[in-house]
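Structural description and commentary
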Amino acid sequence: MITLRIFQLLKVAIADCLLTAMATGNLEPELLKIQPDELNDRFLENGKFVSGKLLDKVDKENPESDRAAYNDALDAAEKLLPTRWKNAPASRQQTFYSLWEHAERAKLLLGQASGTKEGTEPTFIMDGQQIAELLAQNDIQLPQSSLNNLSVTLTVQQFANAVTGVIKEAIGIAKGLMESGLRRQEAPQENSSKEQLYWLILSGKTCNLDLVRKELKQQFSKSDRFVWNPERITFVPEYTKLATSAGACYAEKLRQLGVRPQDAKELLRKGGNQLKIDVKNLFYFLPCSFVLMGLDQQYLTIFNAGQQLYQINQNEDAAKARSHRWYGTQLSISVQRKDFEDKTPQLWGNFDSDELARKLKMESTEFEKIQVQFEIGQDLKIDLLFCREGKPYYLIKPSMDETAAIHTTAEISDGKVTCDIAVNVAESASSQRTDDHTVVFAADKDYSKSVEVFRYEGENGEKQGFGLISKPLPPFPVSGEHTFYFQKPNSNQWERIGALPQPGGEKEYPCEYRVTLDDKGILRIHAGEIPYWTSENEECLKEKGCVYRTALGQPKDNVDEKRNPFSGIH
């Protein structure tokens, strides 16, 4: 992305230089195959191009804040220096890669530490001969006499304007991933010490840029997870390209030659190593925030950058997250993506709820009862979940299979459970830390506002009931199953209920496990979120508790394609 930003800046600077030469009479319009009236009026005065007008729309820290002007500048530059090679002549692809090489050189030159010689800052210059060579690739021949009047210069400040936003975004993502990962490793107790990052290893040529080093120090020194110390930061320039590849090869070797932990005991006794490298963790966290647009350009955050994704559906190998609450349904839902704190949000998708109301033939007073929840996946695609009053019914498998459910004597009465139910009781007792067990349901807690409606799958038996859903369980013990215990009020004696194994075995993505207790006293264990009773037919919204699932409409502007330097559209 850094080279792409420099590429766009350089392309527009060259176009501005050529148009200036044309406006001053140093180049004939016929040579450039463009007339002033083909340009947008924002670049003209009295029908004549104004020098610098084109470059001004790109040469600033956040040019996309005025997207219309920014796109007009790029489109104008394309008319003079065609590089968009997708579905176009091969000559444009050649010009793209030639200009890309110049952008790479500019990045390496302008990105070095300032004040390298006699306190001066480096500058990047493209002379008339180099500009003429680019144009010649698209059959635009400039006269030799005009080349001395053509020159483009980029400064360190222009470089900083172009790439600072990209660098902040990338380092912000890295910092968020670091903090989220360390947070997950901490003990659940409130007063437990914070996990710290011990060593920061940098890989990639971009890490050698002066701006990257400054932004790293600024962001990581603010984190309470890392004490900034140059001695704990490793960057070896000669291995910038090799380090990542070597690490990937080593990880693949471990994957092919490794065995399960329980089968590695003999190897470990001999002094060998058994490592597991998690190469999918980049899919476990959101790289950016998503906000819901409101009145007066006010936003409600529905997903946060760095938020962890989990496998929320036991039968689907995908990492996802749901918004923590239900929102009132707007007649026009607009979800915006926000890459970092100071960046202007950009449209990610729309949904026309007004059209949904018309399809359902609902009056506004009735439709106002419909609320919406958001669900996002690792591919950043967002689904909308609609439900009356935001109170969904939960779908429960009625099976009494002993590997999924056990019957207890616990009852739910007047919003309370008749006894405490806990896990890890025996484990905490064996380690002589009797308060380390985890209470799943507490007898002294009022659950009256937490009672949910359960809808049972299957043809036979009762269709509906009610029950409670626990918070996520602690990690499973080495045995692979949680043993449940109950304790009656005014008693210090825990009694064993039974054990439930980890459902579905090991998951490809991080997964949380929850327990449900229904009004029949049946305890069930679930992988991921308890599924809603859902339908893909909007008519289901006329029925209480049913959730209508649909996708957020994607805008025509393909953000991923624009962020891909080699998509052929730049």
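Residues numbered from 1 in each chain as written. Predicted model: local features only at pLDDT ≥ 70, side-chain atom pairs only at ≥ 80, totals over all residues. Heavy atoms only, no water.

As for the overall build of the chain
If you tally the helices and strands in the chain, you get 14 helices and 28 strands. Dimensions of the chain, computed from C-alpha atoms along their principal axes, come out at roughly 100 × 70 × 40 Å. Counting the 570 residues in the chain, one finds 44% classified as buried. Excluding contacts between residues fewer than 6 apart, the proportion of contacts in the chain whose partners are at least 24 apart in sequence is 65%. Taken as a whole, the chain presents about 31100 Å² of accessible surface, with 48% of it coming from carbon and sulfur. Put simply, the chain has 70 plus and 81 minus side-chain charges, and the middle of one group is 2 Å from the middle of the other. (Helix = DSSP H or I, 4+ residues; strand = E, 2+ residues; numbered from the N terminus. Buried < 20%, exposed > 50% of the residue type's maximum accessible area, 1.4 Å probe, protein only. Contact = heavy atoms within 4.5 Å. Areas by Shrake-Rupley, 256 points an atom, 1.4 Å probe, with all protein chains shown as cover. Lys, Arg positive; Asp, Glu negative; His and termini not counted. Charge placed at Lys NZ, Arg CZ, Asp CG, Glu CD.)

Quick notes on the sheet that holds strand β20 (residues 438-441)
Pairing is antiparallel across the open sheet formed by 4 strands, whose spatial order is β20-β19-β23-β24. The sheet terminates laterally at β20 and β24 (495-501), the two strands that pair on one side only. With strand direction ignored, the average angle separating the axes of adjacent strands in the sheet is 35 degrees. The pairing of strand β19 (residues 420-423) with β20 spans 3 bridges and is classified as antiparallel. (Pairing = 2+ DSSP bridges. Axes fitted to C-alpha atoms, helices over the stretch in contact; angles between N-to-C directions.)

Notes on the environment of Leu147
Relative to the helices and strands, Leu147 is located in the loop between α6 (128-136) and β4 (151-154). As a C-alpha pair, Leu147 and Arg213 span 66 residues in sequence and 38 Å in three-dimensional space. With residues up to four places along the chain from it excluded, the contact list for Leu147 reads Gly128, Gln129, Ala132 and Leu142.

Some remarks on the nonpolar core
Of all hydrophobic cores here, the largest spans 70 residues; its most connected members are Ile14, Leu18, Leu54, Leu142 and Leu150. When residues of this core are assigned to their parent elements, the largest contribution, 15 residues, is made by helix α1 (residues 2-23). Once residues lying within four places of it in the same chain are set aside, the contact partners of Leu150 are Cys17, Leu18, Ala21, Leu27, Asp127, Gly128, Ile131 and Leu142. Within the second largest apolar cluster, 37 residues are counted, among which are Phe303, Ile333, Ile376 and Leu541. (Core = buried A, V, L, I, M, F, W, Y, C linked by side-chain atoms within 4.5 Å.)

Quick look at the pattern of salt bridges
Per the stated rule, a full pass over the model turns up 26 salt bridges. The salt bridge partner of Glu64 is Arg5, with a shortest N-O separation of 3.2 Å. Here Glu64, found in the loop between α3 (53-56) and α4 (67-80), pairs with Arg5, found in helix α1; they are 59 residues apart in sequence, far enough to count as distant. We classify Arg5 as buried; its relative accessible area is 15%. Close ionic contact of Arg524 with Asp518 constitutes a salt bridge, the shortest N to O distance being 2.9 Å. We note that Arg524, like Asp518, is buried. (Salt bridge = Lys/Arg side-chain N within 4 Å of Asp/Glu carboxyl O.)

Here we look at the pairing of strand β14 (residues 382-388)
Counting buried residues in β14 gives 6 out of 7 residues, a clear majority hidden from the surface. Taken together, the 7 bridges between strand β13 (residues 370-377) and β14 define a ladder with antiparallel strand orientation. Each bridged residue has a counterpart across the sheet, and for Val372 the counterpart in β14 is Phe386. Counting the residues in the hairpin turn of β13 and β14 gives 4 residues, including Leu380, whose phi is positive at 65 degrees. Here 4 bridges tie β14 to strand β28 (residues 547-551), and the two strands are oriented antiparallel to one another. Pairing of Asp383 across the sheet is with Ala551, part of β28.

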